[in-house]
Amino acid sequence: MSGNFDTNPQKPPNLDPDAIELVQISQQHASFAGHESDPETLRAAGGTPPPEGIDPATIALVEDVPPDGGYGWVIVAAVFLINVNTWGINSAWGIFMEQYIRENTFPEASHFEYALVGGLSVSLALILGPIISAIQRKLGTRYTMVLGSLMIFAGLFSASAASRVWHLFMSVGLCMGFGFGLLYIPAMGLLPPWFSRHRSLALGLATAGAGGGIAWNLITGKLLAVSGLKWTWRILALVSVAFNILCAFLCRERPISSSMGPSKRRSFNIRDFGRTQVLLILLWGFITEFGYVSLWYSLPSYATSIGLTPSQGSVVNAMLSLGVGVGRPLVGALSDRFGRINLALFCCSSCAILCLTLWILARSYAGLIIFALAAGAGGGCFWSTVNPILAETVSLAESSAIFGTICFALVIPTTFGEAIALQLVKGGDGINKFIPSQIFVGCTFLGGTALLMLLRSWQICEIERKSEGMGSGQHEQGHKRSGEENRTEEDLEEGVMASGRSAGVAVLGELRSSAAGMWSPRKLFVARRV
């Protein structure tokens, strides 16, 4: 294989096709190391370094090297503000819900229906992923986000005129939820191509905007007392549309290098569930989202149940948002240093312990604030780490599409998480009536911890397979072994059609072949940066 390069900057290097292919493989399988062109880092990560004799300066010509900053930091700031004015505002629904229940605004409405309104606004943003992807292809990312901003405005503003509970379903649930999806899903897909070494930090800073709920919870509580219910909705609508449209025009895409091959833009594909790492990540999000949604909407009600005032309940919810705002950038920075799966595992297990101990024992204002701060920092680790983890465990080009697939699957927990928690509370007596709900939330994070341990074991197993293949000099066989789960869609479809099996049977077959060796206790508990 030739390794001759012309280093004259006036003419492109004469790259051997085998060298190009080898560097592309290196980029695809070791991008999670954060140093795509560093041979030593690639070897330590189990990837394949470029052949000897290749000048590192020429690698950028054949692989996609993110700028790791630049205009990407502007996009981080814009996505941060989008999160403030979408999920931050959505977190204030707990304050509105408490107001509606306390004043019996809609006598015909049950607690379960109020909970479904908040859950619907989140789940609709996720279930419409395929439609949102089609709109994005038609209108482009920027104008899709502008359309989402206008729909959020319409939903919030029309909620001020609600005279029946079904009006809230239409405005807050359907209209605002659709707007969230049009704005949030395209925005989150913009960041990974701009960063490599600081990818987790960038995602952590951007998703910390969900902690903007600290401002919106405090503002909402104050506005309800001063301006009333109707004008509170209207003020939220006007402020959000101004910020969201500004941020939509600040955002822009960075195309992945054409040398890396075309990026697959698809919204949903059941064959993704046949990839062990994707299924483990999906189940981790599915289970923990039940607890995360319940936690957000339950704290204000729990605060009043232990004798605190509604104003103090809004402060407790604001402290939960503050924990999110402070914790997500910190988790991002630490995960770049200690490993993204490692930090997600630590946060998920810590939140389980907090819910099963501190939350159950919290009977005072100070104790509840401490719990809210700590739980906010670790409870939302899925949303702050899922994109960097996907970039590690699948190719960077595929991570955005698979993120959409995972979002589609999270519809059930985001819709029914709070409703289940409220049903567990219903019929209880006194302070202890929340204990079933608290145990439910804690157990969801325990389940997420177990799934992250398996994902960590899978990742270590894959790294060792690649290292063994490289050490034996049989790169192609090693790549074929480690890339079992990365077979093309056409290969998988051909196998399913030829055998006549259902897609579900094909998924089980993929899991059996790719998960071999991941159950070793040594891999589950070994100290390693992943």
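Computed from a prediction, not measured in an experiment: that's the story for all the values here. (Residues numbered from 1 in each chain as written. Predicted model: local features only at pLDDT ≥ 70, side-chain atom pairs only at ≥ 80, totals over all residues. Heavy atoms only, no water.)

For the rest of this paragraph, the subject is the environment of Trp458. You can see Trp458 is positioned in helix H21 (residues 435-471). Classification of Trp458 by relative accessible area gives buried; the value is 2%. With 178 residues separating them in the primary sequence, Trp458 and Leu280 have C-alpha atoms 9.5 Å apart. (Helix = DSSP H or I, 4+ residues; strand = E, 2+ residues; numbered from the N terminus. Buried < 20%, exposed > 50% of the residue type's maximum accessible area, 1.4 Å probe, protein only.)

What follows concerns the nonpolar core. Counting residues in hydrophobic clusters, the biggest one holds 124 residues, and the most contacted among them are Trp93, Leu168, Trp284 and Leu368. The element contributing the most residues to this core is helix H14 (residues 276-305), with 13 residues. Look past the residues within four positions of Leu168 in its chain and what remains in contact with it is Trp93, Tyr100, Phe106, Tyr114, Val117, Ala159, Ala162 and Gly173. (Core = buried A, V, L, I, M, F, W, Y, C linked by side-chain atoms within 4.5 Å. Contact = heavy atoms within 4.5 Å.)

This model, assessed by the stated rule, comprises one salt bridge. Arg340 is the partner of Glu392 in a salt bridge, and the nearest nitrogen-oxygen pair spans 3.4 Å. Here Arg340 lies in helix H16 (residues 340-361) and Glu392 lies in helix H18 (residues 381-393), a separation of 52 residues in the sequence. Pair check on accessibility: Glu392 and Arg340 agree, each one buried. (Salt bridge = Lys/Arg side-chain N within 4 Å of Asp/Glu carboxyl O.)

Here the focus is the packing of aromatic side chains. Counted by the stated rule, this structure contains 19 aromatic pairs. When the centroid spacing of 6.0 Å and the interplanar angle of 50° are considered together, the rings of Trp93 and Tyr100 count as tilted. A residue is classified by how much of its surface remains accessible, and Trp93, at 3% relative accessible area, is buried. When its relative accessible area of 1% is taken as the criterion, Tyr100 is described as buried. Put simply, the rings of Trp87, Phe180, Tyr184, Trp284, Phe382 and Trp383 touch in pairs and so form one group of aromatic residues. Directly above the ring of Trp231 sits Arg234, whose terminal nitrogen or CZ lies 5.0 Å from the centroid. Note that Arg252 overlies the ring of Tyr71, its terminal NZ or CZ placed 3.7 Å from the centroid. (Phe/Tyr/Trp six-rings, centres within 6.5 Å; stacked < 30°, edge-to-face > 60°. Lys NZ or Arg CZ within 6 Å of the ring centre and 35° of its normal.)

The residue Asn104 is not glycine, and still its phi comes out positive at about 50°. Along the chain, Asn104 turns up in the loop between helix H6 (93-103) and helix H7 (111-127). By relative accessible area, Asn104 is classed as partly exposed at 46%.

A few words on the packing of H6 against H14. Contact geometry for H6 and H14: axes closest at 8 Å, N-to-C directions at 45°. Looking at the two axes, H6 sits oblique to H14. Where H6 crosses over H14, the handedness of that crossing is right-handed. Side by side, H6 and H14 meet where Trp93, Gly94, Ile95, Met97 and Glu98 of the first sit next to Tyr297, Pro300, Ser301 and Thr304 of the second. (Axes fitted to C-alpha atoms, helices over the stretch in contact; angles between N-to-C directions. Parallel < 35°, antiparallel > 145°, perpendicular 65-115°, else oblique. Left-handed = near helix turned anticlockwise from the far one by under 90°.)

Note that all results are geometric; they support no functional claim without further evidence.
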